[in-house]
Amino acid sequence: MYNKENSPFTPGSPVPVELFVGRSEQIKELIRYVGQISSGKQENVFLAGDRGIGKSSLASGLRYFVGTQKNILGIHTFLGRVTTLEEAVRHIFEQLLKETKKEAWFEDIAKFFGKYIKEIGLFGISVSFTPPEQDLKELVRNFPEALNNLLKKIKEQKSGLFIALDDINGLVEKVEFANWYKSFVDEVATHYKDFPVFIMLIGLPEKRDTLSRLQPSLMRIFRVVEIEKLSDKEVKDFLSIAFEKVGIKVEPDAMELMVRFSSGLPLLMHEIGDATFWIDTDGVINEKDAIAGVVKAAENIGQKYLDPKVYRAVRSPRYRSILRKLGKRPLSRNFMKRDVEAMLNEEEKRVFHNFLRRIRELGVIKADVERGPGAYRFVNEIYPIYIWMESERFKRA
Ligand SMILES: Nc1ncnc2c1ncn2[C@@H]1O[C@H](COP(=O)(O)OP(=O)(O)O)[C@@H](O)[C@H]1O
Ligand SMILES: [Mg+2]
């Protein structure tokens with residue numbers, strides 16, 4: 001029997017552990033680094049990867065692992081909208097507080113946070129940590145000491161701290177952050193012998209460069225772990241496990257199609273899997289279902305990522321018209337500059353170079369170095385489908 005109530009796919013949210021595939025090298029490496037803190041040594045990692053590649057999922061899996069297997073108190077907090085050190089530090093302590101809420105020894109730790117704990121939510125299910133600005137500034141200044149005091153408090157129960165700071169893209173743009181982090185690490189190294197704290201910053205690969213530009217010596221401090229695409233085999237494993245979980249069969253040619261269009265990108269395999277899951281009506285995914293699923297997924301992905309990022313950003317009528325011409329070509333991931341140029345009128349030709357630069361900056365295409373100068377490639381298999389759909393829509397309208 002198959003189950004049509006809940007999709008096993010989670011596009012956009014960290015994947016549940018039982019559906020996690022791949023990354024075994026990175027996991028081994030990270031676990032080794034986490035292991036280092038048991039000797040009292042503080043560790044710093046930068047986890048780098050493009051959007052949707054699986055950074056948050058990896059961090060969340062790792063936190064789960066260290067929490068259950070290593071007796072380490074772990075937090076994974078998202079700092080996407082945070083731009084000040086005070087907010088960042090407040091988030092970190094609030095998350096630590098929330099994490100300990102489940103523990104029997106919460107009352108002990110609550111005292112540590114003083115009078116700034118607020119029980120929120122209808123039934124006091126959640127807690128927040130909201131000290132006044134002055135105290136937050138103090139926490140920023142004395143961050144090593146505050147963490148050290150917390151470590152002392154939980155010593156009986158936990159052997160260390162795991163802190164994953166996700167989406168730090170905005171924060172690392174600030175020179176204060178780079179300097180603060182550097183002095184944090186230096187102070188820990190000089191003043192604390194036993195400081196079992198693992199900190200992992202998570203962000204886009206270019207943010208690592210930003211950080212090293214703002215504070216060059218930071219690059220000696222961070223161990224960089226980078227994640228890239230999954231292999232087709234891993235994508236296939238994922239789709240097989242996910243569909244099997246809900247009792248749905250997948251025919252081989254349908255599987256091949258979904259794997260191909262996923263282009264090794266975790267986010268795409270979830271979008272395609274999810275769309276196909278809802279399209280299927282009989283518990284067997286055949287090629288027709290898969291094609292419809294890919295088209296639906298392209299629609300969703302385009303609306304979520306290309307509409308706001310590209311269609312709204314690229315307003316110039318000439319750019320729009322080039323984009324539509326790009327979409328007219330038979331669906332293909334690669335193109336040569338000169339082939340597209342041949343379809344353009346004089347005015348479009350004049351701005352074509354800038355157009356290409358712009359959509360490159362927006363992360364839609366990249367230079368195809370292997371095929372030489374003037375060769376470009378969409379960053380995934382799905383974007384050209386959406387661009388084609390858009391130009392078809394325009395033609396009909
Ligand atoms: N190793 C993995 N196995 C299965 N699904 C994954 C894996 N990594 C990521 N995903 C899925 O891919 C999508 C993007 O993952 P996410 O961790 O949010 O990426 P990032 O944080 O790099 O933007 C999510 O839908 C997530 O469920
Ligand atoms: Mg993420």
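Residues numbered from 1 in each chain as written. Chains lettered and ligands numbered in written order. Predicted model: local features only at pLDDT ≥ 70, side-chain atom pairs only at ≥ 80, totals over all residues. Heavy atoms only, no water.

1. Some thoughts on the domain arrangement of the protein
Now for step 1: According to the domain assignment, the protein consists of domain 1 (23–226), domain 2 (232–308) and domain 3 (313–396).
Now for step 2: Here the C-alpha centroids of domain 1 and domain 3 sit 41 Å apart. (Domains from an automatic or database assignment.)

2. Focus on the sheet that holds strand β5 (residues 161–166)
Pairing between the strands of a sheet comes from backbone hydrogen bonds, and it takes one of two forms, parallel or antiparallel.
Now for step 1: Pairing in this open sheet of five strands is parallel, and the strands run β2-β5-β6-β1-β7 from one edge to the other. Two strands close off the open sheet at either side, each with one partner strand: β2 (73–78) and β7 (223–226). Averaged over neighbouring strand pairs, the angle between their axes works out to 15° when direction is ignored.
Now for step 2: Both strand β1 (residues 43–48) and strand β6 (residues 197–203) contribute to a ladder of six bridges, which runs parallel. Bridged to glutamate 43 within β6 is phenylalanine 198.
Now for step 3: Its contacts with the sheet place helix α1 (residues 24–36) against β1, β5, β6 and β7, and it is angled at close to 155° to β7.
Now for step 4: Strands in contact with helix α3 (residues 85–101) are β2 and β5; relative to β2, the strand with the most contacts, it is inclined by about 130°. (Pairing = 2+ DSSP bridges. Helix = DSSP H or I, 4+ residues; strand = E, 2+ residues; numbered from the N terminus. Axes fitted to C-alpha atoms, helices over the stretch in contact; angles between N-to-C directions. Contact = heavy atoms within 4.5 Å.)

3. Overview of unusual backbone geometry
Now for step 1: The phi torsion at arginine 23 lies on the positive side, around 65°, for a residue other than glycine.
Now for step 2: With respect to the element layout, arginine 23 can be found in the segment before α1.
Now for step 3: When its relative accessible area of 8% is taken as the criterion, arginine 23 is described as buried. (Buried < 20%, exposed > 50% of the residue type's maximum accessible area, 1.4 Å probe, protein only.)

4. Overview of the site of ligand 1
Now for step 1: As a structural note, the neighbourhood of ligand 1 is formed by 22 residues, with Thr10, Ser13, Gly52, Lys55 and Ser57 the closest of them.
Now for step 2: Between ligand 1 and valine 21 there is a distance of 2.8 Å, counted from a nitrogen atom to a backbone nitrogen or oxygen.
Now for step 3: Residue leucine 267 places a main-chain N or O atom 3.5 Å away from an oxygen atom belonging to ligand 1.
Now for step 4: Secondary-structure elements contributing two or more residues to the shell around ligand 1 are α2 (55–69) and α12 (266–279).
Now for step 5: The leading source of residues in the shell around ligand 1 is α12, at four residues.
Now for step 6: Per-domain counts for the shell around ligand 1 show at least three residues from each of domain 1 (23–226) and domain 2 (232–308). (Near = heavy atom within 4 Å. Polar contact = N/O pair within 3.5 Å; in protein donor to acceptor, adjacent residues only side chain to side chain.)

5. Comments concerning helix α6 (residues 143–154)
Now for step 1: Helix length check: α6 (12 residues) gives 17 Å between terminal C-alpha atoms against 16 Å at 1.5 Å per residue, within 8%.
Now for step 2: Of all the positions in α6, only Phe143, Pro144, Ala146, Leu147, Asn148, Leu150, Leu151 and Ile154 are classed as buried. (Expected span 1.5 Å × (residues − 1).)

6. Brief notes about the packing of aromatic side chains
Now for step 1: Taken as a whole and judged by the stated rule, the model has 22 aromatic pairs.
Now for step 2: Taken together, a centroid distance of 6.0 Å and an interplanar angle of 85° make the contact between phenylalanine 93 and phenylalanine 143 edge-to-face. Here phenylalanine 93 is found in helix α3, whereas its partner phenylalanine 143 is found in helix α6, with 50 residues between them in sequence. As far as burial versus exposure is concerned, phenylalanine 93 and phenylalanine 143 are alike and both buried. (Phe/Tyr/Trp six-rings, centres within 6.5 Å; stacked < 30°, edge-to-face > 60°.)

7. Re helix α10 (residues 232–245)
Now for step 1: Taking 1.5 Å per residue, 14 residues should reach 20 Å; α10 reaches 20 Å between its end C-alpha atoms and fits that length.
Now for step 2: Within the span of α10, buried status applies to Val235, Phe238, Leu239, Ala242 and Phe243. Looking straight down α10, one finds that the buried residues subtend no more than 115° of arc, so they occupy a single side. In α10, the exposed positions angled more than 90 degrees off the buried face are occupied by Lys233 and Glu244.
Now for step 3: Residues of α10 that are buried sit in contact with β8 (249–250), α11 (252–262), α12 and β9 (284–285). (Arc of directions from axis to C-beta.)

8. Focus on the environment of lysine 137
Now for step 1: Along the chain, the position of lysine 137 falls in helix α5 (residues 133–141).
Now for step 2: Assessed through its relative accessible area of 35%, lysine 137 is described here as partly exposed.
Now for step 3: Separated by 50 residues in the primary sequence, lysine 137 and glutamate 87 have C-alpha atoms spaced 9.7 Å apart.

9. Brief notes about the packing of α10 against α12
Now for step 1: For the pair α10 and α12, the least separation of the axes is 11 Å and the interaxial angle reads 35°. As α10 runs across α12, the sense of the crossing is right-handed. For the pair α10 and α12, the contacting residues are Val235, Phe238, Leu239 and Phe243 in the first and Met269, His270, Gly273, Thr276 and Phe277 in the second.
Now for step 2: Partitioning the contact of α10 with α12 into residue classes produces six nonpolar, three polar and no charged. (Left-handed = near helix turned anticlockwise from the far one by under 90°. Nonpolar A, V, L, I, M, F, W, Y, C, P; charged D, E, K, R; others polar.)

10. As for the pattern of salt bridges
Now for step 1: Applying the stated criterion across every chain, the model contains 22 salt bridges.
Now for step 2: If you follow the salt bridges from partner to partner, you end up with Glu87, Arg90, Glu94 and Lys98 in one network. (Salt bridge = Lys/Arg side-chain N within 4 Å of Asp/Glu carboxyl O.)

11. Thoughts on the pairing of strand β12 (residues 375–378)
Now for step 1: Direction of pairing for strand β10 (residues 334–336) relative to β12: antiparallel, over a ladder of three bridges. Residue pairing across strands places asparagine 334 opposite arginine 377, the latter belonging to β12.
Now for step 2: Where strand β11 (residues 365–367) and β12 come together, three bridges link them in antiparallel fashion. Paired with alanine 367 across the bridge in β12 is tyrosine 376.

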